[in-house]
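# Structure at a glance
Each chain is listed here by its residues.
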Amino acid sequence: MRAKPPETFHLDRLPTPIGTALLVTDAGGVLCALDWDEHEPRMKELLRLQYGAVTLSNALAPAEIRTALTDYFRGDLDRLKAIKWRVAGTPFQRKVWTALPKIPAGTTMSYGALAAQLDMPRAMRAVGHANGSNPLSVVLPCHRLIGAGGSLVKYGGGLERKRWLLAHEGVVLTAPGGPRRP
């Protein structure tokens, strides 16, 4: 039996106010991963887990993706919706990841509330685990998920980035680190 040849993806780097974003696109120009420069090994591992063997070649992401992300970071929060993306992962992971963009910018949701919304009210830990494996940071806005008590918990890009992203989207953070709506 022959091994499947590696899938080839393109890797681009985009400066943002919170660090250099790594953009991974497929041959069709669809975004398959977005992570941060210092987390490149984690991103490669997530790609491997989802797609098997992968090869990354340096190439610019399509202008539409770069422009949409740049516009988002400049304050046009709806521009993320213009980005074409795809994910692999398990059916449960894809269910969680597909639900993330439905959380409106400027709002947050607890892991438990998302689990309930997915008709799996006892799956909050599984939702958290799937959220932690999200390959498309920012675009699939995992930063909008918070702890049950309103606390900022777990963000692969670091809690400072999570705070920045939430504040950028208009979420007012309270003193103990939890968000509240303006």
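Residues numbered from 1 in each chain as written. Predicted model: local features only at pLDDT ≥ 70, side-chain atom pairs only at ≥ 80, totals over all residues. Heavy atoms only, no water.

### What about the overall build of the protein?
Stated formally: Strands here are runs of E lasting at least two residues and helices are runs of H or I lasting at least four, both read from the DSSP assignment and numbered beginning at the N terminus. Here the globule rule is a power law, 2.2 Å times the number of residues to the power 0.38, and the radius of gyration is based on C-alpha atoms. Each residue gets one of three labels from its accessible area relative to the maximum for its type: buried under 20%, exposed over 50%, partly exposed in between, using a 1.4 Å probe on protein chains only. Note on contacts: a residue pair is in contact if any heavy atoms of the two residues lie within 4.5 Å. For the accessible areas, the method is Shrake-Rupley and the probe is 1.4 Å, while residue cover comes only from the protein chains on display.
The number of helices and strands found in the protein is six helices and eight strands. The secondary structure elements of the protein, listed N-terminal to C-terminal, are β-β-β-α-β-α-α-β-α-α-β-α-β-β. Rg of the C-alpha trace for the protein: 16 Å, near the compact-globule value of 16 Å for 182 residues, within the 12% margin. By its C-alpha atoms, the protein is 50 × 40 × 25 Å across when sized along the principal axes. When burial is assessed residue by residue, the protein has 46% of its 182 residues classed as buried. Contacts in the protein between residues at least 24 apart in sequence constitute 59% of all its contacts with a sequence separation of at least 6. In the form shown here, the protein has an accessible surface area of approximately 9,200 Å², with 56% of it arising from carbon and sulfur atoms.

### Examining the pairing of strand 2 (residues 19-25)
Selection criterion: The pairing criterion for strands is at least two bridges between them, as found by DSSP.
For strand 2, a buried count of five out of seven residues is recorded, marking the element as mostly surrounded by other parts of the structure. Summarising the sheet, strand 1 (residues 7-16) and strand 2 pair through seven bridges and their orientation is antiparallel. Considered in strand 2, the bridge of Asp-12 is made with Leu-23. Where strand 1 hands over to strand 2, the hairpin turn is made up of two residues, counted between the paired strands. As paired strands, strand 2 and strand 3 (residues 31-36) are joined by five bridges and run antiparallel to one another. Of the residues in strand 3, the one forming a bridge with Ala-21 is Trp-36. Linking two consecutive strands that pair antiparallel, namely strand 2 and strand 3, is a turn of five residues; a positive phi of about 80° is found at Gly-29 within it.

### A word on unusual backbone geometry
One non-glycine residue, Asp-119, adopts positive backbone phi at about 60°. The topology assignment puts Asp-119 in the loop between helix 4 (111-117) and helix 5 (124-132). We note that Lys-154 has phi near 40°; this positive angle belongs to a residue other than glycine. The exposure class of Lys-154 is exposed, given its relative accessible area of 73%.

### A few points about the pairing of strand 1
Strand direction decides the pairing type here: strand 1 and strand 4 (residues 54-58), joined by five bridges, are parallel. Note on strand 4: the bridge partner recorded for Glu-7 is Val-54.

### Regarding the sheet that holds strand 2
Working definition: the strands of a sheet are paired by backbone hydrogen bonds and lie parallel or antiparallel to each other. Here is the rule: Simply put, an axis is a line fit to the C-alpha atoms, just over the touching stretch for a helix, and the angle between two N-to-C directions goes from 0 to 180 degrees.
Pairing within the open sheet is mixed, and its four strands lie in the order 3-2-1-4. At either margin of the open sheet sits one strand with a lone partner, and together these are strand 3 and strand 4. For this sheet the average axis-to-axis angle between neighbouring strands, irrespective of direction, equals 30°. Sitting on the sheet, helix 1 (residues 40-51) is in contact with strand 1, strand 2, strand 3 and strand 4, with an inclination near 155° to strand 3.

### Some details on the packing of aromatic side chains
The cut-off we apply is this: Only the six-membered ring of Trp is used, alongside the rings of Phe and Tyr, when aromatic pairs are assigned; centres must lie within 6.5 Å, and planes under 30 degrees apart are stacked while those over 60 apart are edge-to-face, with the rest tilted.
Tallied over the full model, the rule gives three aromatic pairs. With a centroid separation of 5.1 Å and 80° between ring planes, the pair formed by Tyr-72 and Phe-73 is classed as edge-to-face. Taken together, the ring pairs connect Tyr-72, Phe-73 and Trp-164 into an aromatic cluster.

### Some remarks on the packing of helix 3 (residues 91-99) against helix 5
The criterion, for reference: Orientation categories follow fixed angle ranges, with anything under 35 degrees roughly parallel, anything over 145 roughly antiparallel, 65 to 115 roughly perpendicular, and all other angles oblique. The nonpolar class holds Ala, Val, Leu, Ile, Met, Phe, Trp, Tyr, Cys and Pro. Asp, Glu, Lys and Arg form the charged class, and all remaining residues, Gly among them, are polar.
Helix 5 packs onto helix 3 with a crossing angle of 80° between their chain directions and a minimal axis gap of 9 Å. Relative to helix 5, the element helix 3 is oriented roughly perpendicular. Every residue of helix 5 that contacts helix 3 at Phe-92, Gln-93, Val-96 and Trp-97 is listed here: Ala-126, Val-127, Ala-130 and Asn-131. Here the residues of the contact of helix 3 with helix 5 sort into six nonpolar, two polar and no charged.

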